[in-house]
Amino acid sequence: MRTTGPEGSVTSDVPEAGPRAEEPRKLEARLTDADRFYRAFVAAGAGTTLVLITLIGLFLLTGAWPALKTSGFSFLTTLTWAPDGEPPKFGVAAMMFGTFVSAAVAMLITVPIAVCTALFINEYAPRAVRRSLTSLVDLMAAIPSLIFAIWGLFFLVPLLAPIEDWAVAQFHGWLPLAEASATGGSLFNAGLIIACMAIPITTSIIREVLAQAPRHECEGALALGGTRWGMISSVILPFGRSGIVGGSMLGLGRALGETLAATLILSIAFEIKPRILENGGITVASGIAIEFRDAQELGLSALMAAGLALFLVTFAINLLAALVVNRSPAGARA
Amino acid sequence: MTVPEVDQSVAAEAAPAPVGGVLEGVQVSCWFGARKVLEGVDIKMDAGVVTALIGPSGCGKSTFLRTLNRMHELVPIATLAGSVLLDGHDIYGAGLRLTEVRRRIGMVFQKPNPFPAMTIADNVAAGLRLTGRKVRDRDDLVETSLRRAGLWNEVRNRLGAPAGGLSGGQQQRLCIARSLAVSPDVLLMDEPCSALDPTSTRRIEETILELKDQVTIVIVTHNMQQAQRVSQHCAFFLAAEDEPGRVIEQGPTEQIFSDPHDPRTADYVNGRFG
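Residues numbered from 1 in each chain as written. Chains lettered and ligands numbered in written order. Predicted model: local features only at pLDDT ≥ 70, side-chain atom pairs only at ≥ 80, totals over all residues. Heavy atoms only, no water.

**Student:** Could you clarify how one ought to interpret the overall build of chain A in this entry?
**Tutor:** Within chain A, the regular secondary structure consists of ten helices and two strands. Its helices and strands taken in sequence order, chain A reads α-β-β-α-α-α-α-α-α-α-α-α from the N to the C terminus. Taking 2.2 N^0.38 as the reference for a compact globule, 334 residues should give roughly 20 Å; the C-alpha atoms of chain A span a radius of gyration of 27 Å, well beyond that estimate. Dimensions along the principal axes, computed over C-alpha positions, put chain A at roughly 85 × 65 × 35 Å. (Helix = DSSP H or I, 4+ residues; strand = E, 2+ residues; numbered from the N terminus. Rg over C-alpha atoms; globule rule 2.2 N^0.38 Å.)

**Student:** How should I be thinking about the layout of surface pockets in this particular structure?
**Tutor:** Regions of empty space are outlined by a rolling probe, equal in size to a water molecule, passed over the atoms. Residue and element names in this part refer to chain A. Computed from the structure, the largest pocket encloses a volume of approximately 470 Å³. Every element with two or more residues in the lining of the largest pocket is listed here: helix 2 (93-124), helix 3 (127-141), helix 6 (215-223) and helix 7 (228-257). In terms of residue class, the lining of the largest pocket is built from nine nonpolar, one polar and eight charged. (1 Å grid on protein atoms, 1.4 Å probe; cavity = no way out; pocket = protein on both sides within 12 Å on 5 of 7 lines; lining within 4 Å. Points joined across faces, edges and corners; volume = space filled by probe spheres on them. Nonpolar A, V, L, I, M, F, W, Y, C, P; charged D, E, K, R; others polar.)

**Student:** Please clarify how unusual backbone geometry should be interpreted in this entry.
**Tutor:** A negative phi angle is the norm for most residues apart from glycine, just as the trans form is the norm for most peptide bonds. A cis amide bond links E86 of chain A to the next residue, P87 of chain A, at an omega of 0°. Considering the arrangement of structural elements, one finds P87 of chain A in the loop between strand 1 (81-82) and strand 2 (89-90). Even without glycine at this site, S183 of chain B takes up a positive phi of about 45°. In this model, E191 of chain B sits at a positive phi of 45°, which is unusual for a non-glycine residue.

**Student:** Can you walk me through the state of the cysteines in this structure?
**Tutor:** Throughout this description, disulfide means a covalent bond between two cysteine sulfur atoms. Using the criterion set out here, one finds zero disulfides over all chains in the structure. Looking at the unpaired C116 of chain A, the closest cysteine sulfur is the one in C196 of chain A, lying at 16 Å. (Disulfide = S-S within 2.5 Å.)

**Student:** Hey, could you run me through the environment of D190 of chain B in this one?
**Tutor:** Residues and elements named next belong to chain B. Inspection of the secondary structure assignment puts D190 in strand 7 (residues 186-190). A residue is classified by how much of its surface remains accessible, and D190, at 8% relative accessible area, is buried. Taking C-alpha positions, D190 is 18 Å from G21, a pair spaced 169 residues apart along the chain. (Buried < 20%, exposed > 50% of the residue type's maximum accessible area, 1.4 Å probe, protein only.)

**Student:** Would you take a moment to explain the packing of helix 2 of chain A against helix 3 of chain A for this structure?
**Tutor:** Any two packed helices are characterised by the angle at which their axes cross and by the distance between the axes. Residues and elements named next belong to chain A. Running from N to C, helix 2 and helix 3 cross one another at 155°; their axes reach a closest spacing of 9 Å. Taken together, helix 2 and helix 3 sit at an angle that is classed as roughly antiparallel. Between helix 2 and helix 3 lies a crossing of left-handed hand. The residues of helix 3 that touch helix 2, namely those facing F120, I121 and N122, are R130, L133, T134 and V137. Here the residues of the contact of helix 2 with helix 3 sort into four nonpolar, two polar and one charged. (Axes fitted to C-alpha atoms, helices over the stretch in contact; angles between N-to-C directions. Parallel < 35°, antiparallel > 145°, perpendicular 65-115°, else oblique. Left-handed = near helix turned anticlockwise from the far one by under 90°. Contact = heavy atoms within 4.5 Å.)

**Student:** Just checking my understanding: could you explain the side chain of Q171 of chain B for this structure?
**Tutor:** All names here are of chain B. Position of Q171 relative to the elements: it lies in helix 7 (residues 168-180). Of note is the side chain of Q171, whose polar atom sits 3.5 Å from the backbone oxygen of G164. Setting aside chain neighbours within four positions, we find Q171 in contact with P112, P114, A163, G164 and L166. (Polar contact = N/O pair within 3.5 Å; in protein donor to acceptor, adjacent residues only side chain to side chain.)

**Student:** Would you mind showing me how to read the UniProt feature "domain: ABC transporter" (unreviewed entry) in chain B here?
**Tutor:** In the numbering adopted here, UniProt assigns the feature "domain: ABC transporter" (unreviewed entry) to residues 23-269 of chain B. Structurally, residues 23-269 of chain B is divided into 36% helix and 26% strand, and its ends, taken at the C-alpha atoms, are 25 Å apart. (UniProt positions renumbered as here; feature names shortened; annotations may be inferred.)

**Student:** Got a minute to help me understand the sheet that holds strand 4 (residues 78-86) of chain B in this structure?
**Tutor:** The pairing of strands in a sheet happens through backbone hydrogen bonds and is either parallel or antiparallel. Residue and element names in this part refer to chain B. With respect to topology, four strands assemble into an open sheet ordered 2-1-4-5, the strand pairing being antiparallel. The open sheet has two free edges, formed respectively by strand 2 (35-45) and strand 5 (89-90), since each of these has just one partner strand. Here strand 1 (residues 23-32) runs beside strand 2; their pairing, made up of seven bridges, is antiparallel. By the bridge assignment, F32 is partnered in strand 2 with R35. (Pairing = 2+ DSSP bridges.)

**Student:** Sorry if this is basic, but what is going on with the pairing of strand 4 of chain B here?
**Tutor:** A regular strand carries its side chains on alternate faces of the sheet. Residues and elements named next belong to chain B. With eight bridges joining them, strand 1 and strand 4 adopt antiparallel strand pairing. When the sheet's bridge partners are listed, W31 is paired in strand 4 with T79. The sheet contact formed by strand 4 and strand 5 spans two bridges and is antiparallel. Each residue of the ladder has a partner; that of L86, found in strand 5, is H89. As consecutive antiparallel partners, strand 4 and strand 5 are separated by two residues, and within that stretch D87 has a phi angle of approximately 50°, a positive value.

**Student:** Got a minute to help me understand the confidence of the model for chain B in this structure?
**Tutor:** Regions with low pLDDT should not have their predicted coordinates read in detail. Here chain B averages 89 in pLDDT, while 93% of its residues score no lower than 70. Counted against residues more than four places away or in other chains, residues 1-15 of chain B, with its pLDDT under 50, gives 13 contacts. (pLDDT = per-residue confidence, 0-100.)

**Student:** I would appreciate a short explanation of the interface of chain B and chain A in the present structure.
**Tutor:** Size of an interface, as often reported, equals the accessible area lost when the parts are brought together. Opposite the 30 residues of chain B that make contact, chain A presents 21 residues. When chain B packs against chain A, the two sides together hide about 1,900 Å² of surface, and 66% of this comes from carbon and sulfur. Counting the surface chain B buries against chain A, the share from its top three residues, F115, P116 and L130 of chain B, is 28%. Our count for the chain B to chain A interface comes out at one salt bridge. The residue R66 of chain B makes a salt bridge to E219 of chain A at a minimum N-O spacing of 2.7 Å. Broken down by secondary-structure element, the contributors of at least two residues to the side of chain B that touches chain A are helix 3 (98-104), strand 6 (105-108), helix 4 (120-131) and helix 7 of chain B. Considering each element in turn, the side of chain B that touches chain A owes the most residues, four residues, to helix 4 of chain B. Here the side of chain B that touches chain A is composed, by residue class, of 16 nonpolar, eight polar and six charged. (Buried area = accessible area lost by both parts, 1.4 Å probe. Salt bridge = Lys/Arg side-chain N within 4 Å of Asp/Glu carboxyl O.)

**Student:** Even after reading the chapter, I still don't get the pattern of salt bridges, so can you show me in this structure?
**Tutor:** Oppositely charged side chains are able to pair whenever their charged atoms sit close together. Residue and element names in this part refer to chain A. All told, the structure shown has 24 salt bridges over all chains when counted by the stated rule. Put simply, E123 and R228 hold a salt bridge, and the shortest N to O gap is 4.0 Å. You can see E123 sitting in helix 2 and its partner R228 sitting in helix 7, a full 105 residues away along the chain. Assessed through its relative accessible area of 32%, R228 is described here as partly exposed.

**Student:** Please clarify how the nonpolar core should be interpreted in this entry.
**Tutor:** Looking at soluble globular proteins, one finds that nonpolar side chains tend to be buried together. Judged by nonpolar contacts, the single largest core of 51 residues is most densely connected at L23, L53, F64, L68, L188 and F237 of chain B. With near-sequence residues (within four places) excluded, L68 of chain B lies in contact with L23, M45, V84, I91, I105, L188 and V218 of chain B. If you look at the next biggest cluster of nonpolar residues, it comprises 46 residues, including A64, F90, L160 and I265 of chain A. (Core = buried A, V, L, I, M, F, W, Y, C linked by side-chain atoms within 4.5 Å.)

**Student:** It is not clear to me how the packing of aromatic side chains should be interpreted in this structure. Could you clarify?
**Tutor:** For any pair of aromatic rings, geometry is given as the distance between the ring centres together with the angle between the planes. Summed over the entire model, instances satisfying the criterion amount to nine aromatic pairs over all chains. Judged by centre distance (5.8 Å) and plane angle (65°), the rings of W81 of chain A and F90 of chain A are edge-to-face. A ring pair is formed by W151 of chain A and F155 of chain A, whose centres lie 5.7 Å apart and whose planes are at 25°; its orientation type is stacked. Linking W151 of chain A with F155 of chain A, this pair stays in helix 4 (residues 145-171), spanning four residues, or about one helical turn. An aromatic cluster of at least three residues, connected via ring pairs, comprises F37, Y38 and F41 of chain A. Sitting over the ring of F115 of chain B, R178 of chain B keeps its end group 4.6 Å from the ring centre. (Phe/Tyr/Trp six-rings, centres within 6.5 Å; stacked < 30°, edge-to-face > 60°. Lys NZ or Arg CZ within 6 Å of the ring centre and 35° of its normal.)

Put into C-alpha cells, the structure is as follows:
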C-alpha cells in the first residue's frame with residue numbers, strides 16, 4: 001500500500017479497504033525531520049550504552065578464556081589463588097563467598113536504616129529540618145568511597161573492637177557467627193564500612209520515591225483514624241515497594257563492587273568460614289586489586305575470569321530485581 | 001449498570017431516633033500562612049440531619065469541612081482559631097485522641113481514594129487495621145458496610161479483586177463503605193460527586209439519604225439541585241475579594257432556596273453568579 005508519491009506528497013489518504021475490516025490495519029505516520037533527528041540522536045545514546053556493556057563483556061571473556069580453559073569447572077569451586085604456581089591452582093569460591101557475605105552484611109544494615117531515614121525525612125521531620133537533612137544525605141552520597149574506607153579503618157573499626165571482642169567472648173562456643181581468634185579485619189567489618197558507603201545513595205533514592213506517594217491516599221488513611229505509622233504501612237510502603245527494591249539494588253551494586261573498603265579492612269585469607277567476626281577474608285573486587293600487581297600471564301587471565309564472574313553475578317542480581325519490581329501489581333495503580 | 005436493590009434489613013435496623021454525633025463549629029477561623037481564608041464560622045450540624053455547605057469556589061467551605069476532622073492541620077502552614085465540638089467535647093483539646101477524632105468523624109474526598117493495591121474487601125476493612133480495632137466477624141462487617149454504601153450487589157462476587165479496577169462511582173462508594181466500617185458518628189463529604197457521572201451521583205445521593213438516620217452527614221457541594229435533594233440544613237459561604245470566607249446565611253434548606261433573606265444568597269442559589 002502506497003500513501004505517498006515519489007516526491008513525498010500525499011497521493012491518497014484513504015487506505016485500501018481490506019477484505020476483512022475487523023483486522024487491525026497497519027499504522028503509518030510521516031515524521032518531521034526534527035522528529036527523525038531526535039529519534040536518531042536518542043537511539044544513538046541508547047545504542048552506545050548497549051555497545052559499551054557488550055564490549056566490556058567480550059573483553060572480559062576473551063581475557064578470561066585461557067584461565068578458564070586451564071581450570072575448567074574447578075574455577076568455581078577452588079578456594080586457593082595460585083594461578084602462576086606450578087601447577088596453577090585457582091578459583092573464585094573464596095572470593096565469591098567473601099563478596100556475598102560482606103554484601104549481605106552491608107545490605108542488612110543499609111536497607112532498614114535507609115528506609116527509616118527516608119521515612120523520617122519525609123513524614124516526621126519538621127519542615128525546617130527536612131530541607132537540610134535531604135541535602136545532607138545527597139551530599140553524603142557524593143563523598144568518595146576512599147574517605148569512608150579511611151574513616152572506617154582508623155575510626156570505626158577500632159571503636160567497635162571492644163564490642164566485637166566482648167560479643168566473641170560471650171557467644172563463642174555456641175554461635176558459630178561469633179567465633180573468632182582475632183577481630184578487626186573481618187568480613188563483618190568490611191560489610192559495615194560498605195554499608196556506610198551505600199546508605200546515602202540508597203536513602204536518597206528511596207526518599208525520592210516515597211515522596212511521590214499519592215497524598216490523597218495518605219489523607220484517606222489518616223481520615224479513617226489511622227496513625228502516621230498506619231498511613232506509612234498501608235499507603236507509602238506499598239506504593240514505594242519497587243523504589244525500595246530499586247534503591248537497595250543500586251546500593252547492593254555498590255556493595256558488590258566496592259574495592260577500597262574491602263582492600264583496606266580485610267586481612268587477606270582465601271577461605272570459606274561462617275565466622276564473620278574473625279579476621280580474614282577476600283572479595284572479588286579486593287582480590288583483583290591486591291593480586292593484580294604480582295600477576296603474570298595466566299594470573300592476569302585468572303583475574304579477568306574473576307572479574308567476569310562478578311560482572312555476571314551483578315547482571316543476574318539486577319535482572320532478579322527487575323523481576324521483583326515488575327511483579328508488584330502495577331495494573332492496580334492506573 | 002443495574003439498579004441495586006434497597007436493602008431492607010438495613011432500613012429495618014435503623015433506630016427510631018436518629019443516631020450519630022452532634023458536631024458544632026464555634027467561631028472557626030482559618031489561615032494559610034498569613035492569608036486568612038475563613039472567619040468566624042458558627043454552624044451546628046445535628047444528628048439525623050444532612051447539612052450542606054454551598055458557595056462559590058474559594059469561599060472556604062472545603063477548608064471549613066477539613067477543620068471538622070482535623071485534616072486542615074496536615075497542610076504545614078495551616079492554622080486555625082475557634083473550636084469544633086463533637087457531642088460537646090472540643091476535638092482540638094487534649095481530651096480526645098487525634099486518631100479517635102478522625103475515626104469518629106469520617107471523611108469522603110472529592111477524588112475517590114481507595115487503596116489501589118488492596119482488594120475490595122481489604123479496603124473496607126482497612127480502617128480496622130489502621131485503628132487497631134478487632135471485630136468478631138470481618139466478612140460480616142465488610143458485607144454490612146458495602147450494603148450500607150449501596151455497593152454490595154455490584155462487588156459481592158469480586159471482593160478479592162483489586163480496588164483499582166472499579167469505576168469512579170464504585171470507588172467513591174467503596175470509600176464510603178470504608179469510612180462506615182469504623183462506625184463513625186459523623187461523615188464529612190467533600191464534593192463527593194464532582195468527579196462522577198449522573199448515574200453514580202444519583203446512587204450516592206440515595207446512599208446519603210439511606211444513611212442520614214445512622215450517621216450525621218455534612219456535605220460540600222457545588223450542585224444546587226444536589227443540595228436541595230439531600231440536605232435539610234444549608235449554609236451559604238461567600239468570600240468577597242481579598243477577604244476571608246464567611247457564612248452569609250444558614251437555615252433549613254427549603255427556606256434557603258425558596259425564601260433566602262440575603263440577596264447574595266438569592267443570587268447564588270438562582271445561578272446568577274458563582
